[in-house]
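Letter by letter, the chains look like this.
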Amino acid sequence: MFAYIVRRMLYAIPILIGVNLLTFTLFFVVNSPDDMAVSQLGEKYVTPEAIATWKKKNGYDKPLFVNAGAEGSEVLTDTIFFSKSLKLFAFDFGRSESGRDITTDVATRMWPSLAVALPNFAIGIWVNICVALMVVMFHATRLDRWAVFVFVSLMSISYLFYIIGGQFLVAKTWKLVPISGFNIEAQPWKFLILPVLVGVVAGIGSGARWYRTLFLEEANQDYVRTARAKGASEISILFKHILPNALIPILTGVVVLIPSLFMGSLLIESFFGIPGLGSYMLDAIKSQDFAIVRSMVFIGSILYIIGLILTDISYTWADPRVRLN
Amino acid sequence: MRNNHPVQLLALVAIAIGALLSACGEPPWNNPHPPAPDELMIYQSVMTPAPPKHLDPAISYASDESLYLMQIYEPPMGYHFLKRPYELLPLGVEDFPQLTYLDEAGNEVEEGDDNVAFTRYTLTVREDEHYQPHPAFALDGEGEPLYLFDSPEAGAAFRQIPDFPQTGHRRVLANDYVYAIKRLADPLNGSPMLGFMAQYIVGMKEFSERVAGVEREGWLNLDDFTMKGLKVLDERTYTITIMGRYPQFVYWLAMHFFSPIAPEVDRFYHNPGFDQRNLTLDWWPVGSGPYMMVQNNPNSAIVLERNPNYREDFFPTEGEPGDLEKGLLADAGKPIPFVDRAVYRLEKEVLPLWTKFLQGFYDRSGEVHGNTNGVFDQAFVVGPDGVEMSEDLADHNITMSPDVKPGIYYYGFNMRDPVVGGYTEDKRKLRQALQIAFNTEEYLNIFYKGNGITAHNLIPPGIPGHLDGEAGVNPYTHDWVDGEAVRKPIEYARQLLAEAGYPSGRDARTGEPLKIFIDVQSQAIGNTSMNWMDRVFSELGVQVEFRPADWNRTREKLLTGNTQIYSHGWLADYPDPENFLFLLYGPESPLLCKCDGANNSNYGSEEYDDLFRQMRVLPPGEERAALVARMVELFRQDAVWLFVYYPKDIYLNNSWVYNTKRHGISKATLKYLRLDTEERARKQVAWNQPITWPLWATAAGVVGLIMPGVVAYRRRQNATARKAAERTRN
């Protein structure tokens, strides 16, 4: 297994270079270093000298990809792309265009993201699995058909509706919890109730329907009929037989998300004022802060790759027949 | 679960909810703020929509950043809180600067002398001006700075300014003001003022070039370098010498760029490793103003607290007419500041902000933006006397603070465009026809819900040169009828268009329809606005094509003159007509200066430029007013812009907030604000009684959903084969 993991990590390097190249290209298709300078300098009384100074100070005074004026390897290395990318691979994210240390910001902001994403993720999966199993138990009955109808309806509603509806009802009308915010000094759990509730409810439709499909495939297998014939209770069949056997496809979709929980959610964090990495990324895009965008995409890519490796590893745990070679 | 009776399950759920509710404590449960001592007057406000990027007074140049900077720093000059037109006052200095005019050889000359080559400003720092407590001023037993470290590891324990146990403070010295100006010139700081101020302050450019060439390792003491235009005469007196005459320079002295910076603060923040923990002047400002920053969490909140070393300061005893009646002088002569702590929480979305304001958790609806536009419909109704609070909110006793910003938004013609540009009579008539057709009043009512004022002048209210009433009407687009400005009829616009060579909107020579191109910023305009414009111009038979682009692309077009009609805006830096009239000054054209010039219309009128050059160096007075009036007349006559309006915003205040008058230029108004915190606490409890029945209803609903399943499951588990077969047969 160790050799497999090492090999997968080596594969990750070209992927990360490709992602970085793509991010870089996409960003600079719509933004030039001059645009970034003007955005940071404030758009008033911006002189060409001020732009040149800003670019020099922040390392944007070189050509983007190819330095025709340089010699030897410097043609490629004395460029913005190389100088900015190399540090990423050393996990030196440097400073944002506004001068703040990105590593510090990421380390600070990932905890609020996790505080929302983790319960959302865990409770969401638990609820979805329970609901799906219950529906499977009543497969081909009126309850099952109604449940599918409700799932599809829930899936069809925009995520924004859940957020705004939740805020309107629970926080504005019933005044049960704060409508938004995250304050470590003021009972932080009460700020998490609404975003987690909204996240879980909004995910039930798609999640439970997907799990129902997976469980139904297993429910028709011979071993289930055998278990039932031997007198096992329905609860026992669902949780001891069907669920473990349906774990492989569940893990495929779930484990890959675990590392990405650090990255937070753009919508939830923005609307509920959670100061996490999701809103960090959104703010960076709005303010054309390439240093943060580049770092966050890089971190996101690494976490996704780790998620994929973890998924593979989890297969061996869920199904002993799987071997990683 | 197998042995659970439904009633038991219900009881379990009820106990769980009861436990949860009891854990919530006393209402209001939805209070987003942590508990605080009752005796403190805490102002609860918002930072929106994003946290500030820069708080270094040399670098920052955004109004939402000056909201904090102007409470923390005291620049040499400031503005009177209540008086309008805006009135300049000495703030960090004892009196207005003393001006001395010098010739090329440095000899003193009279103000009106043609040989004036330099102007020297002499300023005397207030004796009672002290810095806030800060670790940069903390000294050890030998009088040496306590917190100077040799390596990043030595200071690694300190992650925020409050982590430093020892603080110190000292008087503000004249050299601190001089040091601050040198920081503007240090290219490493990247100050947006460097390029602009180097045109005026003697020796700034040379200073900047010299400092740029110095090898640095850690802190560079700028006191080791001299700038020709700066001199420290004694502990409290310093001079700034600028090139020529530039009367508006005194306004710049009221901006945070010129606030004092102690060299030891600069040195403190250059400790090794500090920047890696965001311990920088850009994040932890150190000033002598009424407040100091005690928390800067861009993710959550910025907290300011009363500076214990702030000088003696009092609420003004005079205001503009009407202020007394509005109760704005109720605190006249009282010592300020009133508020002990100001908390600005990050709010990115308007709905939560608005809800918290209505629940009483925010004292005002906003700081830099009123945030009332998005929820205007539910907050206001248009009554016979103008905008009023809606009935739903009447019991809140919310007060309104209208704010006409000293700024303008406009759509300008490119005067170099072959179709709409030019200075011939037919081109003027074409532009005037388009101006009349663009019904600004209707546009503002529909798209801005009346939050804007049709401009007849490029100088907004509150600034000399702006005239109200009949005298202020643009006679080319409006008539004065029954005491109000009425837009000229569309028939008149059609006539002008025909005289311009476009009868019924078609070129008289070719018969082709006239088509105009409007460059719009895609994020600033919606389809409905574009449809409306399409409709108003179609009344003249003119076709419109919109060219939406993001700001970067729009800027590129403006720099290259590749536009016909463009949208833009300008917010004043200081309340002088020069700060608006320069928007049409010929040399400011980006095509001429090859820079980010402000004259995006590329307007080029010799007369206007001559008048501007004369006006710029004249002191306020009749002569200057006459020049300004003539320039405004040229602006109207040449019809340089398609339409202009003055942006207006309404800020809402909860009933317990006092002294809320908006100041269009200065943000240094927190020290005047007063709150009735007892009333706030009462209202918060009254307005936020939780409604718990939905919790019980939801729990009952969930149990109701589960129970049939449980019952069915139990029946299925307990069924015998025979019974099941019978059921199947039946």
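Position numbers for residues count from 1 along each chain, tracking the sequence in the order it is written. Throughout, the order in which chains and ligands are written sets their labels, letters from A for the former and numbers from 1 for the latter. Per-residue local features of the predicted model are confined to residues with pLDDT of at least 70, and side-chain atom pairs are confined, for both listing and counting, to 80 or more; whole-chain, interface and lining totals are unaffected and use all residues. Here the side-chain values reflect all heavy atoms present in the structure, with hydrogen atoms and water set aside.

Observations concerning the overall build of chain A
Here is step 1 of the chain: The helix count covers DSSP runs of H or I at least four residues long, the strand count covers runs of E at least two residues long, and both are numbered beginning at the N terminus. Of the regular secondary structure elements, chain A holds 15 helices and 0 strands.
Here is step 2 of the chain: In terms of overall dimensions, chain A has a C-alpha envelope of 80 × 55 × 35 Å along the principal axes.
Here is step 3 of the chain: Classification of residues uses two cut-offs on accessible area relative to the type maximum, computed with a 1.4 Å probe and protein chains only: under 20% is buried, over 50% is exposed, and between them is partly exposed. For chain A, with 325 residues in total, the buried portion stands at 51%.
Here is step 4 of the chain: Considering only contacts in chain A between residues 6 or more positions apart, those separated by 24 or more positions represent 69%.
Here is step 5 of the chain: To measure how exposed things are, a 1.4 Å probe is used in the Shrake-Rupley method; for residues, cover is taken only from the protein chains shown. Of the roughly 15,400 Å² of accessible surface on chain A, a fraction of 69% belongs to carbon and sulfur atoms. Throughout, a residue-residue contact means that at least one pair of heavy atoms, one from each residue, lies within 4.5 Å.

What about the overall build of chain B?
Here is step 1 of the chain: If you tally the helices and strands in chain B, you get 21 helices and 24 strands.
Here is step 2 of the chain: Summarising its shape, the C-alpha atoms of chain B cover approximately 115 × 90 × 55 Å along the three principal directions.
Here is step 3 of the chain: Within chain B, buried positions represent 56% of all 730 residues.
Here is step 4 of the chain: The long-range share in chain B, meaning contacts at least 24 apart out of those at least 6 apart in sequence, stands at 72%.
Here is step 5 of the chain: For chain B, the accessible area works out to roughly 31,000 Å², and carbon and sulfur atoms hold 52% of it.
Here is step 6 of the chain: For the purpose of counting charges, residues Lys and Arg are taken to be positive, whereas Asp and Glu are taken to be negative. His and the chain ends are not included. In plain terms, the charge of a residue is placed at NZ if it is Lys, CZ if Arg, CG if Asp and CD if Glu. Considering chain B, the positive charge centre built from 69 side chains and the negative charge centre built from 98 side chains are found 10 Å apart.

What to know about the packing of helix H1 (residues 2-30) of chain A against helix H5 (residues 80-89) of chain A
The geometry of a pair of packed helices is captured by two quantities: the angle between their axes and the separation between those axes.
Residue and element names in this part refer to chain A.
Here is step 1 of the chain: Comment: axis = line fitted to C-alpha atoms, over the contacting stretch for helices; angle = value between 0 and 180 degrees taken between N-to-C directions. Close contact between H1 and H5 brings their axes to 11 Å; oriented N to C, the two are set at 135 degrees. With respect to H5, the element H1 is oriented oblique. When the axes of H1 and H5 are compared, the crossing they make is right-handed. Where H1 approaches H5, its residues Ile13, Leu16, Ile17, Asn20, Leu21 and Phe24 are matched on the opposing element by Ile80, Phe81, Ser85, Leu88 and Phe89.
Here is step 2 of the chain: In the contact of H1 with H5, the residues fall into 9 nonpolar, 2 polar and no charged. In this scheme, roughly parallel covers angles under 35 degrees and roughly antiparallel covers those over 145, while 65 to 115 is roughly perpendicular and the rest are oblique. By convention, the crossing between two helices is left-handed when the near helix turns anticlockwise from the far helix through less than a right angle, and right-handed when the turn is clockwise. The classification used treats Ala, Val, Leu, Ile, Met, Phe, Trp, Tyr, Cys and Pro as nonpolar, Asp, Glu, Lys and Arg as charged, and all other residues, Gly among them, as polar.

Looking at the sheet that holds strand S1 (residues 42-47) of chain B
All names here are of chain B.
Here is step 1 of the chain: Overall, mixed pairing links the 4 strands, which are arranged S1-S11-S10-S9 in an open sheet. Among the strands making up the open sheet, the edge pair consists of S1 and strand S9 (291-297). Direction aside, neighbouring strands of the sheet carry axes that sit 20 degrees apart on average.
Here is step 2 of the chain: If DSSP finds at least two bridges between two strands, the strands pair. Bridge count for S1 against strand S11 (residues 341-346) is 6 bridges, and the pairing is parallel.

Description of the sheet that holds strand S4 (residues 98-102) of chain B
Residue and element names in this part refer to chain B.
Here is step 1 of the chain: Strands sit in the order S5-S4-S6-S8-S7 across an open sheet of 5 strands; the sheet is antiparallel. This sheet does not close on itself; its edge strands, each paired only once, are strand S5 (108-109) and strand S7 (230-232).
Here is step 2 of the chain: The pairing of S4 with strand S6 (residues 118-124) spans 5 bridges and is classified as antiparallel. Looking at the pairing, Leu102 lines up with Phe118 of S6.
Here is step 3 of the chain: On the sheet, helix H3 (residues 174-185) packs against S7 and strand S8 (237-243) and is oriented at approximately 160 degrees with respect to S7.

Overview of the packing of helix H7 (residues 142-156) of chain A against helix H9 (residues 189-219) of chain A
Residues and elements named next belong to chain A.
Here is step 1 of the chain: Contact geometry of H7 with H9 gives a least axis separation of 7 Å together with a crossing angle of 135 degrees. By the criterion of interaxial angle, the relationship of H7 to H9 is oblique. Helix-helix and strand crossings are classified by hand; for H7 and H9 the assignment is left-handed. Residues Asp144, Val148, Phe151, Val152, Leu154 and Met155 of H7 form the contact with H9, whose participating residues are Ile204, Gly205, Ser206, Ala208, Arg209 and Arg212.
Here is step 2 of the chain: Residue composition of the contact of H7 with H9, grouped by class: 7 nonpolar, 2 polar and 3 charged.

Here's the deal with unusual backbone geometry
Here is step 1 of the chain: Note the cis peptide between Arg84 of chain B and Pro85 of chain B, where omega equals -5 degrees.
Here is step 2 of the chain: Looking at the element boundaries, Pro85 of chain B is found in the loop between strand S2 (77-79) and strand S3 (88-90).
Here is step 3 of the chain: The residue after Ile336 of chain B, namely Pro337 of chain B, is reached through a cis peptide bond having omega 5 degrees.
Here is step 4 of the chain: Along the polypeptide, Pro337 of chain B turns up in the loop between strand S10 (301-306) and S11.
Here is step 5 of the chain: If you check the backbone angles, Lys175 of chain A has positive phi at about 55 degrees while not being a glycine.

Here we look at H9 of chain A
Here is step 1 of the chain: Between its first and last C-alpha, H9 of chain A extends only 39 Å over 31 residues, short of the 45 Å set by a 1.5 Å rise per residue.
Here is step 2 of the chain: Across the chain, bend at a residue is computed as the angle between axes fitted to the seven residues ending at that point and the seven starting from it. The largest bend in H9 of chain A comes to about 50 degrees, at Ile204 of chain A. In a helix, the anticipated span is given by 1.5 Å times the number of residues less one.

Considering the interface of chain A and chain B
Here is step 1 of the chain: At the interface, 59 residues of chain A touch 71 residues of chain B.
Here is step 2 of the chain: Within 3.5 Å is the distance limit for a polar contact, defined as a pair of N or O atoms, with the added protein rule that one can donate a hydrogen and the other accept it, and that residues adjacent in sequence qualify only through two side-chain atoms. Taken together, the links from chain A to chain B amount to 11 residue pairs in polar contact (both at pLDDT 80 or more).
Here is step 3 of the chain: Of all the secondary structure elements, the ones that give two or more residues to the side of chain A that touches chain B are helix H2 (33-41), helix H3 (48-58), helix H6 (102-137), helix H8 (159-173), H9, helix H11 (234-245), helix H13 (266-271) and helix H14 (277-286) of chain A.
Here is step 4 of the chain: Residue classes in the side of chain A that touches chain B are distributed as 23 nonpolar, 21 polar and 15 charged.

Observations concerning H7 of chain A
Residue and element names in this part refer to chain A.
Here is step 1 of the chain: Over its 15 residues, H7 runs 21 Å from end to end, which matches the ideal 21 Å to within 8%, given 1.5 Å per residue.
Here is step 2 of the chain: For H7, the complete set of buried residues consists of Asp144, Ala147, Phe151 and Leu154. All buried residues of H7 lie within an arc of 85 degrees about the axis, which places them on one face of the element. Structural note: H7 exposes Arg142, Arg145, Trp146, Phe149 and Ser156 on the side pointing more than 90 degrees away from its buried face. By construction, the arc corresponds to the directions joining the helix axis to the C-beta atoms.

Some details on the pairing of strand S22 (residues 641-653) of chain B
For a regular strand, side chains alternate in direction, first toward one face of the sheet and then toward the other.
Residue and element names in this part refer to chain B.
Here is step 1 of the chain: Across the 13 residues that make up S22, a large majority, 12, are buried.
Here is step 2 of the chain: In terms of strand pairing, strand S14 (residues 399-404) meets S22 through 6 bridges, oriented antiparallel. Across the sheet, the residue bridging to Ser401 is Tyr651, located in S22.
Here is step 3 of the chain: Summarising the sheet, strand S15 (residues 407-413) and S22 pair through 4 bridges and their orientation is antiparallel. Among the inter-strand pairings, Tyr410 is bridged to a residue of S22, identified as Val644.
Here is step 4 of the chain: Note: strand S16 (residues 452-454) against S22, 3 bridges, orientation antiparallel. Paired with Gly452 across the strands is Pro647, a residue of S22.

Here we look at the packing of aromatic side chains
Here is step 1 of the chain: Think of it this way: a Phe, Tyr or Trp ring, Trp meaning its six-membered ring, pairs with another when their centres are within 6.5 Å, and the plane angle makes it stacked under 30 degrees, edge-to-face over 60, tilted otherwise. Scanning all chains against the criterion turns up 64 aromatic pairs over all chains.
Here is step 2 of the chain: Ring plane angle 45 degrees and centroid distance 4.7 Å describe the contact between Phe24 of chain A and Phe28 of chain A, whose orientation is recorded as tilted. One end of the pair, Phe24 of chain A, and the other, Phe28 of chain A, are both in helix H1, 4 residues apart, so they sit about a helical turn from each other.
Here is step 3 of the chain: With a relative accessible area of 1%, Phe24 of chain A lands in the buried category.
Here is step 4 of the chain: Residue classification places Phe28 of chain A among the buried positions, given a relative accessible area of 11%.
Here is step 5 of the chain: These aromatic residues form a ring-pair network of at least three members: Tyr409, Tyr411, Phe438, Tyr443, Phe447, Tyr448, Trp532, Phe537, Phe643 and Tyr645 of chain B.
Here is step 6 of the chain: The side chain of Lys84 of chain A reaches across the aromatic face of Tyr60 of chain A, ending 4.3 Å from its centre.
Here is step 7 of the chain: Positioned over the ring face of Tyr651 of chain B is Arg662 of chain B, at 3.5 Å from the centre of the ring. Geometrically, a lysine NZ or arginine CZ counts as sitting over a ring once it is within 6 Å of the ring centre and also within 35 degrees of the ring normal.

Some points on the pattern of salt bridges
Here is step 1 of the chain: Note on definitions: salt bridges are taken to be side-chain nitrogens of Lys or Arg within 4 Å of carboxyl oxygens of Asp or Glu. Per the counting criterion, the structure on display carries 56 salt bridges over all chains.
Here is step 2 of the chain: The closest approach of N and O atoms between Arg8 of chain A and Asp312 of chain A, which form a salt bridge, is 2.4 Å. Here the residue Arg8 of chain A occupies a position in helix H1, and Asp312 of chain A occupies one in helix H15 (residues 290-318), the gap between them amounting to 304 residues. Here the two residues Arg8 of chain A and Asp312 of chain A agree in accessibility, since each one is buried.
Here is step 3 of the chain: A salt bridge links Lys83 of chain B to Glu87 of chain B, with the nearest nitrogen and oxygen atoms 3.7 Å apart.
Here is step 4 of the chain: Judged by its relative accessible area of 17%, Lys83 of chain B falls in the buried class.

Here we look at a nonpolar patch on the surface
All names here are of chain A.
Here is step 1 of the chain: Residues enter patches when their relative accessible area tops 30% and they take part in no salt bridge; the joining distance is 9 Å for like charges and 5 Å for the nonpolar side chains Val, Leu, Ile, Met, Phe, Trp and Tyr. Residues Phe2, Val6, Leu10, Ile13, Ile17 and Phe89 make up a contiguous nonpolar surface patch of roughly 560 Å² in combined accessible area.
Here is step 2 of the chain: Per-element accounting of the nonpolar patch gives the leading share, 5 residues, to H1.
Here is step 3 of the chain: Structurally, Ile17 is set in helix H1.

What to know about the nonpolar core
Residue and element names in this part refer to chain B.
Here is step 1 of the chain: Ranked by size, the top nonpolar core spans 172 residues in total, and within it Phe537 and Trp641 carry the most contacts.
Here is step 2 of the chain: Counting residues per element, this core draws most heavily on H3, which supplies 8 residues.
Here is step 3 of the chain: All domain edges in this entry derive from an automatic or database-based domain assignment. The residue makeup of this core includes at least three contributed by each of domain 2 (52-297) and domain 3 (407-649).
Here is step 4 of the chain: Among residues more than four places away in sequence, those in contact with Phe537 are Leu434, Ala437, Phe438, Ile516, Ile518, Val542, Val544 and Leu642. We call a set of buried residues a nonpolar core when its members are Ala, Val, Leu, Ile, Met, Phe, Trp, Tyr or Cys and they connect through side-chain atoms within 4.5 Å of each other.

Distances and angles like these do not, on their own, reveal function.
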